Amino acid sequence: MTRLIFLVATLVASSSGLAASPASWTLSSQSEHQLAIQSHNAVAETESLLWAWFHAIEQSFFSIIGLSTDLPKLDDVVAPVPVDTPTPQHALESCQNTPNSRHCWGEYNTSTNYYNIIPETGRTVEIWLSVEESICNQDGYKRSCLTFNGTMPGPAVVANWGDWLKIHVTNNLSSNGTAVHWHGIRMLNNVQNDGVPGVTQCAIAPGQTMTYKFQATQYGTSWYHSHFSLQYADGLFGPMIIHGPATADYDEDLGPLILQDWSHMPIFTAWSKRQAWGITHSLDNLLINGTNTFDCAGSGDRNCVGGGKKFETVFEHGKKYLLRLINVATDSQFQFSIDGHPLKVIATDFVPIHPYVTDSIVINSGQRYDVIIEADEEPGDYWIRGGWIDSEICQGVANDHPEDMTGIVRYNMSSGRTPSTTSSVQLPKVCMDMPKGNLIPFVEYDVTNVAGMTIEALNYRFTHTGMLKWTINTTDLLIDWANPTLKQIFDNETVFPENYNVVNVEKKTLAVDEWAVLVIENTAGSIFKGISHPIHLHGHDFWILAQEPFKIWDGSTESFQLKDAARRDTAILPKAGYLAIAFKLDNPGAWLVHCHIAWHASMGLSFEFVESRGSISVKESDRREFDDTCKAWSRWWDGSAPWPQEDSGI
């Protein structure tokens, strides 16, 4: 079987010393974001396995391509591997994924229960990522930043549903550790690759490399990012696309559209000066796919050098486009829209849904939406609106240029006009997610047997030095990068440290599906009760049973929606309210639950589920790499580490 190795080329900084800006990374021309691809053992009998967008390899041993939107031919997909308790699948004749049959995926389709059925493609996607200290100029303001391979956003990780990924991460930072989380990937029976330092691994020491290995058991849109302290807010993230079927047809996949807030002050400086003490740091700008403009006129700041650009893309009249929205913000909620163009929503996080149409998408930090836009308006130039939602609605956020988060859709690529379109989108009245009644999963899978329930209260405290900490059941998370939860499990420790905030959950009956239920109540007092929190669960999708603002749970399950409940991996805990979720007990491991506002995670707003502890196991080779990573980290941390740990660690 042909093994495809994707070599991600390190993008070299320009002669001025600036990291390569993604301003030219447009949705209409993804080839500008380059990957070097090498095909091994490309013999004649394997040519039928090659994807349509891979034809360039036939012309050259090495090809430089971008994020191709042509989808693979899946005649070669072999029999599925059953996971946990397989559910019966209706036989489907093989059909190709085309603009008129996006529901198809070879022997599978959008009705395939991807929780239990995984295609085996026989392909491995291999990628090299370098964690680097860089200089970024995303909007006309030059500042130090952290990047993967010299760019922000980092290179796109692109694979096929069922592919295996092998990703080598080298820490080329001079004075800090790192670790990379693959957001939303279940890591089924593979907890050691989840990428959380202090939980599933030791931090990667400077000069060291760790290889992450996992299978793409889901399909859709996500992102990868550092889970070491606040590093992703300084630029250490990139998009991730797992190609698969879709619940509505489209002509062209435009790839990721990343929504982001951006600080001109390095994020660790902002943390130590303001945010650690509970004083909101107002971020300076907002970016779409890593780019925007910033007015440097009259500025005496030598770092305000200008040169920022609005993000642009081009539509062809009559075509339907797939757009993959990702919110990677430090602490911002967005309401995305394109003037005059309705959005057909087909997926939320990694969950395909029954399509519905809306004029805008409210998207919280860590969340993703796949939407289809039909280019059927009068040809012209239209504003793309990121739609930063202000502190009157989402308390605790701040930005200096909230109205400037715009890009441009053009029907004529030669046009340079500034759009004159206006928006009719109405702002939300409360800081919430999209209505869960609209997010009906395409694959029906209802909560049945509940093995247990965990009730957690969110609050806050101030330390004796005046630092603000967010707590879950009175405890703020504080982990040790050298002593992860998984190491303690391997070492048969019987009691976890109190500040690891561990909750044990167990499946009671092996022969049936079982779910655990989590209820988080926002009981914070004073001004803090008005803050909403995007809660992300590692290792699982979850079913949203209830989500109520301004209301504390009454202890009754009568309000829980067990049938056709929305599923995703990140959802809002509303202000002064509660969030009730259920997750299937099918993935033994140590799984983090945390607020995806970066400040709040650093302030300790997190806890861990240790699921089915007795069933956690890893291969001998994975255990050796795990131990080697820990030994290398301890040598560096105990020897030459210049900085103390100043936050929760995640």
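Residues numbered from 1 in each chain as written. Predicted model: local features only at pLDDT ≥ 70, side-chain atom pairs only at ≥ 80, totals over all residues. Heavy atoms only, no water.

**Q** How should the overall build of the protein be read in this particular structure?
**A** Each helix and strand in the protein was counted, giving 4 helices and 37 strands. Across the 650 residues in the protein, those meeting the buried criterion constitute 61%. Taking the contacts inside the protein whose residues are at least 6 apart along the sequence as the reference set, 80% of them involve residues at least 24 apart. As presented, the protein carries roughly 23,300 Å² of accessible surface, and 50% of it is formed by carbon and sulfur atoms. (Helix = DSSP H or I, 4+ residues; strand = E, 2+ residues; numbered from the N terminus. Buried < 20%, exposed > 50% of the residue type's maximum accessible area, 1.4 Å probe, protein only. Contact = heavy atoms within 4.5 Å. Areas by Shrake-Rupley, 256 points an atom, 1.4 Å probe, with all protein chains shown as cover.)

**Q** Explain a negative patch on the surface here, please?
**A** Together, Asp249, Asp251, Glu374 and Asp376 give the surface a local cluster of negative charge. Take Asp251: it is sitting in the loop between strand 15 (237-243) and strand 16 (252-262). (Patch = residues over 30% accessible without salt bridge, like charges linked within 9 Å, V, L, I, M, F, W, Y side chains within 5 Å. Salt bridge = Lys/Arg side-chain N within 4 Å of Asp/Glu carboxyl O. Lys, Arg positive; Asp, Glu negative; His and termini not counted. Charge placed at Lys NZ, Arg CZ, Asp CG, Glu CD.)

**Q** What should I look at first to understand unusual backbone geometry in this one?
**A** Trans is the prevailing form of peptide bonds, just as negative phi is the prevailing case for residues other than glycine. Residue Met152 is joined to Pro153 through a cis peptide bond whose omega torsion reads -5°. Topologically, Pro153 is positioned in the loop between strand 9 (142-148) and strand 10 (157-160). For Asn289, which is not a glycine, the phi torsion comes out positive at approximately 50°. Tracing the sequence through the fold places Asn289 in the loop between strand 17 (285-288) and strand 18 (311-314).

**Q** It is not clear to me how the state of the cysteines should be interpreted in this structure. Could you clarify?
**A** Structurally, a disulfide amounts to a covalent bond that connects the sulfur atoms of two cysteines. Tallied over the full model, the rule gives 5 disulfides. One disulfide bridge connects Cys95 with Cys104, the sulfur atoms lying 1.9 Å from each other. One disulfide, between Cys95 and Cys104, carries an S-S torsion of -105° and so falls in the left-handed class. The buried category is assigned to Cys104, whose relative accessible area is 3%. Paired by a disulfide, Cys202 and Cys630 hold their sulfur atoms 2.0 Å apart. With the S-S bond torsion at 90°, the cross-link from Cys202 to Cys630 turns out right-handed. With Cys202 in the loop between strand 12 (180-182) and strand 13 (209-215) and Cys630 in helix 4 (residues 620-639), this pair connects stretches of sequence that are 428 residues apart. (Disulfide = S-S within 2.5 Å.)

**Q** Whenever I open this one, empty space enclosed by the protein confuses me. Can you help?
**A** In this structure the tally under the stated criterion is 7 cavities of 30 Å³ or more. Taken together, 16 residues form the lining of the largest cavity, with Tyr219, Gly220, Pro245, Ala246 and Asp370 sitting closest to its centre. Put simply, the parts of the chain that give the lining of the largest cavity at least two residues each are strand 19 (320-327) and strand 21 (343-348). Residue composition of the lining of the largest cavity, grouped by class: 10 nonpolar, 3 polar and 3 charged. (1 Å grid on protein atoms, 1.4 Å probe; cavity = no way out; pocket = protein on both sides within 12 Å on 5 of 7 lines; lining within 4 Å. Points joined across faces, edges and corners; volume = space filled by probe spheres on them. Nonpolar A, V, L, I, M, F, W, Y, C, P; charged D, E, K, R; others polar.)

**Q** I'm lost on the sheet that holds strand 29 (residues 502-505) in this one. Help?
**A** In a beta sheet, neighbouring strands pair by backbone hydrogen bonds and run either parallel or antiparallel. Here we have 5 strands laid out as an open sheet, ordered 29-37-36-31-34, and mixed in their pairing. What marks the edges here is a single partner per strand, and that holds for strand 29 and strand 34 (570-573). Pairs of neighbouring strands in the sheet enclose a mean axial angle of 25°, with direction left out of account. (Pairing = 2+ DSSP bridges. Axes fitted to C-alpha atoms, helices over the stretch in contact; angles between N-to-C directions.)

**Q** Which parts of the structure should I look at to understand the environment of His354?
**A** One can find His354 in strand 22 (residues 351-358). Along the backbone, His354 and Ala246 are 108 residues apart, and their C-alpha atoms lie at a distance of 10.0 Å.

**Q** Can you help me understand the layout of surface pockets in this one?
**A** Empty space left among the atoms is revealed by rolling a probe the size of a water molecule over them. Considered as a void within the structure, the largest pocket measures approximately 620 Å³ in volume. What lines the largest pocket is a set of 25 residues, among which Ser175, Asn176, Asp234, Phe268 and Trp643 lie closest to the centre. Counted by class, the lining of the largest pocket contains 11 nonpolar, 9 polar and 5 charged residues.

**Q** Is there a simple way to explain the nonpolar core in this structure?
**A** In this structure, Trp182 and Ile361 are the most contacted members of the largest nonpolar core, which totals 166 residues. When neighbours within four sequence positions are excluded, Trp182 is seen to be in contact with Leu129, Ile167, Val169, Met187, Asn193, Asp194, Tyr212, Phe214, Trp223, Tyr224 and Met240. Counting 6 residues, the second largest nonpolar core, distinct from the first, contains Ala246, Tyr250, Ile346 and Ile372. (Core = buried A, V, L, I, M, F, W, Y, C linked by side-chain atoms within 4.5 Å.)

**Q** Got a minute to help me understand the side chain of Gln215 in this structure?
**A** Counting through the fold element by element, Gln215 comes out in strand 13. At 3.3 Å, the side chain of Gln215 and the side chain of Glu120 are in polar contact. Other than its neighbours up to four places away in sequence, Gln215 contacts Ile118, Pro119, Glu120, Gly162, Asp163, Trp164 and Ile185. (Polar contact = N/O pair within 3.5 Å; in protein donor to acceptor, adjacent residues only side chain to side chain.)

**Q** Help me understand the pairing of strand 29 in this model?
**A** Alternating positions in strand 29 separate cleanly, Val503 and Val505 being buried on one face and Val502 and Asn504 remaining unburied on the opposite face. Of the pairings in the sheet, the one linking strand 29 to strand 37 (residues 606-611) comprises 4 bridges and is parallel in character. In the strand pairing of strand 37, Val502 is matched with Glu608.

**Q** Explanation requested: the environment of His536 in the structure shown.
**A** Tracing the backbone shows His536 in strand 31 (residues 533-537). Here His536 falls in the buried class, since its relative accessible area comes to 0%. If near-sequence neighbours (up to four positions away) are discounted, His536 is found in contact with His181, His183, Gly184, Asp569, Thr570, Leu592, Val593, His594 and His596. A polar contact is formed between the side chain of His536 and the side chain of Thr570, at a distance of 3.1 Å.

**Q** Honestly, the sheet that holds strand 17 in this entry has me stumped. Any pointers?
**A** Across the sheet, 6 strands lie side by side as 17-16-19-24-21-22; this open sheet has mixed pairing. What marks the edges here is a single partner per strand, and that holds for strand 17 and strand 22. In this sheet, adjacent strand axes meet at a mean angle of 20° when their direction is disregarded. Here strand 21 runs beside strand 22; their pairing, made up of 5 bridges, is antiparallel. Across the sheet, residue Val345 finds its bridge partner in strand 22, namely Tyr356.

**Q** Sorry, what's going on with the pattern of salt bridges here?
**A** Close approach of charged atoms lets side chains of opposite charge pair. The final tally for this structure, using the stated rule, is 23 salt bridges. Among the ionic pairs, Asp446 bridges to Lys563, the shortest N-O distance being 3.5 Å. Of the two residues, Asp446 is situated in the loop between strand 26 (406-410) and strand 27 (449-462) and Lys563 in the loop between strand 32 (542-548) and strand 33 (567-568); the sequence distance between them amounts to 117 residues. Classification of Asp446 as partly exposed rests on a relative accessible area of 22%.

**Q** In this structure, what is going on with helix 4? I would like to understand it.
**A** It helps to recall that an α-helix has 3.6 residues per turn; residues three or four apart then point in one direction. The end-to-end C-alpha distance of helix 4 is 29 Å, a good match for the 28 Å that 20 residues give at a rise of 1.5 Å each. When we look at burial in helix 4, the residues that qualify are Asp622, Phe626, Thr629, Cys630, Ala632, Trp633 and Trp636. Buried residues of helix 4, viewed axially, fall in a sector of 165°; they line one side. In helix 4, the exposed positions angled more than 90 degrees off the buried face are occupied by Glu620, Lys631, Arg635, Asp638 and Gly639. In this fold, the buried residues of helix 4 make contact with strand 13 and helix 2 (485-490). (Expected span 1.5 Å × (residues − 1). Arc of directions from axis to C-beta.)

**Q** Explain the side chain of Asn137 to me, please; I cannot follow it from the model alone.
**A** Looking at the element boundaries, Asn137 is found in strand 8 (residues 124-137). Side-chain polar atoms of Asn137 contact the backbone nitrogen of Tyr141, separated by 3.1 Å.

**Q** Help me out: how do you make sense of the pairing of strand 19 in this one?
**A** Successive residues of a regular strand alternate their side chains across the two faces of the sheet. The buried fraction of strand 19 amounts to 7 of the 8 residues, a majority that puts the element mostly inside the structure. In the sheet, strand 16 pairs with strand 19 via 6 bridges, with the strands oriented parallel. Within strand 19, the position partnered with Leu259 by the bridge is Asn327. Pairing geometry for strand 19 and strand 24 (residues 368-374), over 7 bridges, is antiparallel. Following the sheet pairing, Lys320 is matched in strand 24 by Glu374.

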